[in-house]
Amino acid sequence: MAAFDIKKLLQSVVTHGASDLHLVSRTEPQIRLDGALKPVNLPKLTGDDIEEMCYSLITEKQKQHFEEHSELDFALLLPGIGRFRANYYKTLGEMAAAFRIIPIEVPSLDDLGAPDVFKKLIKREKGLILVTGPTGSGKSTTLAALLNEINENEQKHIVTVEDPVEFIHQNKKAVFSHRGVGEDTKSFATALKYAMRQDPDIILIGEMRDKETIEAALTAAETGHLVFGTLHTSSAPGTINRIIDVFTGDEQPQIRAMISTSLVAVIAQALLPKLGGGRVAAHEILITNHAISNLIREDKVHQIYSQMQLGQEGSGMQTQTQALMKFLRDGKISRETALQYANKPEELAKATIR
């Protein structure tokens, strides 16, 4: 059987408003719509079908890389269709692929219905702003919207380091230098080391995945740059612990001191299915103030959550439970959904019973 036309398939994924396409042998192509996987009305695929479709999209060099490593990550632009982040891998000896759709239009914070405090945070001259959450929680989209807001209003040089580059910003007031790991630079840590010589005002780090990158990000934030980064953590206090835990015991006091002075905010987000279709982002927002700085420095991160519940008047800070409660009151999500996604389901259950 001739393989399907992969470009037509990707086109239909975009048309359906899906977020992902999965090609795995012995099953029909699947798309992710509003967070749930749905089979596409097509015959089941074989490994050979997938190989034929997927090899048609890549260069000889990429093909060689995949055959050597059994893994390939890349960004793909199909004119007239869209941009995709693709991952090729092997399952039971056969080729499989996952495509994530990257909108060509960069969303604005207003498009996303983002909290008002986001516009205040990006006016900071320096410091570290982290956007965290599990895979597929919309971190890249939130970061793109934050950078878009700066692009609309400020004349800044923005260096982004990603693997691979996702949203491509058109220069409006700002100038963007997009750098892809593997293509434009060897690694996140290398890119950050040299970024300092590129006169950036703002640096975006696609993933803070190792000690060297985290250290470089904290140093950049301390030395007068506004740094955006992401981690796969689901709560704001958990994010701080994750960063500290990357370092050995004797390094931790210095790292805590660096975080306490350079951390501006942690935005931990989750994407929830909305009643009536679509999805909505719930944000836990930690904004560093004097009290929170002291807790980080004094190794009392476990006390930050109660500080977040208290110190909120006009600060824009909120816990995830508060964000979920607001969605419940506004009829945006079901109670089952809220409990399923809650970091603290017991706290939410108590709050919703009242």
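Please refer to the structure placed before this passage.
Predicted model only: the values in this text are computed from it and were never measured.

Visitor: Is there a simple way to explain the packing of helix α7 (residues 188–195) against helix α8 (residues 211–222) in this structure?
Guide: Between α7 and α8, the least distance of the axes is 8 Å, while the angle of their chain directions is 25°. Taken together, α7 and α8 sit at an angle that is classed as roughly parallel. You can see that α7 and α8 cross each other, and the crossing is left-handed. Contacts from Phe 188, Ala 189 and Leu 192 in α7 reach Glu 212, Thr 213, Ala 216 and Ala 217 in α8.

Visitor: So what exactly am I meant to see when it comes to empty space enclosed by the protein here?
Guide: Inspection of every chain in the model, using the stated rule, returns 1 cavity of 30 Å³ or more. Every residue along the wall of the largest cavity is listed here: Lys 119, Ile 122, Lys 123, Glu 149, Ile 150, Asn 153 and Glu 154. Looking at the lining of the largest cavity element by element, the count peaks at 3 residues for helix α6 (residues 139–153). For the lining of the largest cavity, the per-class residue count stands at 2 nonpolar, 1 polar and 4 charged.

Visitor: When you look at unusual backbone geometry in this model, what are you seeing that I'm missing?
Guide: A negative phi angle characterises most non-glycine residues, just as the trans form characterises most peptide bonds. That bond from Asp 163 to Pro 164 is cis: its omega, -10°, falls within 30 degrees of zero. With respect to the element layout, Pro 164 can be found in the loop between β8 (157–162) and β9 (175–180). One non-glycine residue with positive phi stands out, namely Arg 26, at about 70°. Positionally, Arg 26 belongs in the loop between β1 (20–23) and β2 (30–33).

Visitor: Explain the pattern of salt bridges to me, please; I cannot follow it from the model alone.
Guide: Close approach of charged atoms lets side chains of opposite charge pair. All chains considered together, the criterion is met by 13 salt bridges. Between Glu 125 and Lys 156 there is a salt bridge whose closest N-O contact spans 3.5 Å. Separated by 31 residues along the polypeptide, Glu 125 in the loop between α5 (117–121) and β7 (127–132) and Lys 156 in the loop between α6 and β8 bring together distant segments of the chain. Judged by relative accessible area, Glu 125 falls into the exposed class, the value being 54%. The partner of Glu 207 in a salt bridge is Arg 209, with the nearest N and O atoms 3.3 Å apart. Classification of Glu 207 as partly exposed rests on a relative accessible area of 25%. Looking at Arg 209, the relative accessible area reads 46%, which means it is partly exposed. Through salt bridges with shared partners, one network takes in Glu 125, Glu 154 and Lys 156.

Visitor: Looking at this model, I keep getting lost on a negative patch on the surface. Mind explaining?
Guide: Among the surface-exposed residues, Asp 48, Glu 51, Glu 52, Glu 60, Glu 67 and Glu 68 lie close enough to one another that they form a single negatively charged patch. Where the negative patch is concerned, the elements lending two or more residues are α2 (47–55) and α3 (60–69). Locating Asp 48 in the fold gives a position in helix α2.

Visitor: Looking at this structure, how should I read α7?
Guide: Residues separated by three or four positions in an α-helix point in the same direction, a consequence of the helix having 3.6 residues per turn. Regarding α7, the residues found buried are Phe 188, Ala 189, Ala 191, Leu 192 and Ala 195. Down the axis of α7, the buried set is contained in an arc of 160°. They therefore lie on one face. Packed against the buried residues of α7 are β8, β9, β10 (202–205) and α8.

Visitor: Got a minute to help me understand the sheet that holds β9 in this structure?
Guide: The strand order β9-β8-β10-β11-β7-β12-β13 describes an open sheet built from 7 strands, whose pairing is mixed. In this open sheet, the two strands that pair with only one neighbour each are β9 and β13 (279–287). Between one strand and the next, the sheet's axes are offset by a mean angle of 15°, whatever the strand orientation. In the sheet, β7 pairs with strand β12 (residues 263–273) via 5 bridges, with the strands oriented parallel.

Visitor: I tried to follow the layout of surface pockets on my own but got confused; where do I start?
Guide: It is a probe the size of a water molecule, rolled over the atoms, that shows where empty space is left. Here the second largest pocket defines a volume of roughly 620 Å³. Forming the boundary of the second largest pocket are 23 residues, of which Gln 62, Asp 73, Val 181, Gly 182 and Glu 183 lie nearest the centre. Looking at which element gives the most residues to the lining of the second largest pocket, the answer is strand β4 (residues 71–78), with 7 residues. Tallied by class, residues from the lining of the second largest pocket come to 9 nonpolar, 7 polar and 7 charged.

Conventions used here
- Residues numbered from 1 in each chain as written.
- Predicted model: local features only at pLDDT ≥ 70, side-chain atom pairs only at ≥ 80, totals over all residues.
- Heavy atoms only, no water.
- Axes fitted to C-alpha atoms, helices over the stretch in contact; angles between N-to-C directions.
- Helix = DSSP H or I, 4+ residues; strand = E, 2+ residues; numbered from the N terminus.
- Parallel < 35°, antiparallel > 145°, perpendicular 65-115°, else oblique.
- Left-handed = near helix turned anticlockwise from the far one by under 90°.
- Contact = heavy atoms within 4.5 Å.
- 1 Å grid on protein atoms, 1.4 Å probe; cavity = no way out; pocket = protein on both sides within 12 Å on 5 of 7 lines; lining within 4 Å.
- Points joined across faces, edges and corners; volume = space filled by probe spheres on them.
- Nonpolar A, V, L, I, M, F, W, Y, C, P; charged D, E, K, R; others polar.
- Salt bridge = Lys/Arg side-chain N within 4 Å of Asp/Glu carboxyl O.
- Buried < 20%, exposed > 50% of the residue type's maximum accessible area, 1.4 Å probe, protein only.
- Patch = residues over 30% accessible without salt bridge, like charges linked within 9 Å, V, L, I, M, F, W, Y side chains within 5 Å.
- Areas by Shrake-Rupley, 256 points an atom, 1.4 Å probe, with all protein chains shown as cover.
- Lys, Arg positive; Asp, Glu negative; His and termini not counted.
- Charge placed at Lys NZ, Arg CZ, Asp CG, Glu CD.
- Arc of directions from axis to C-beta.
- Pairing = 2+ DSSP bridges.

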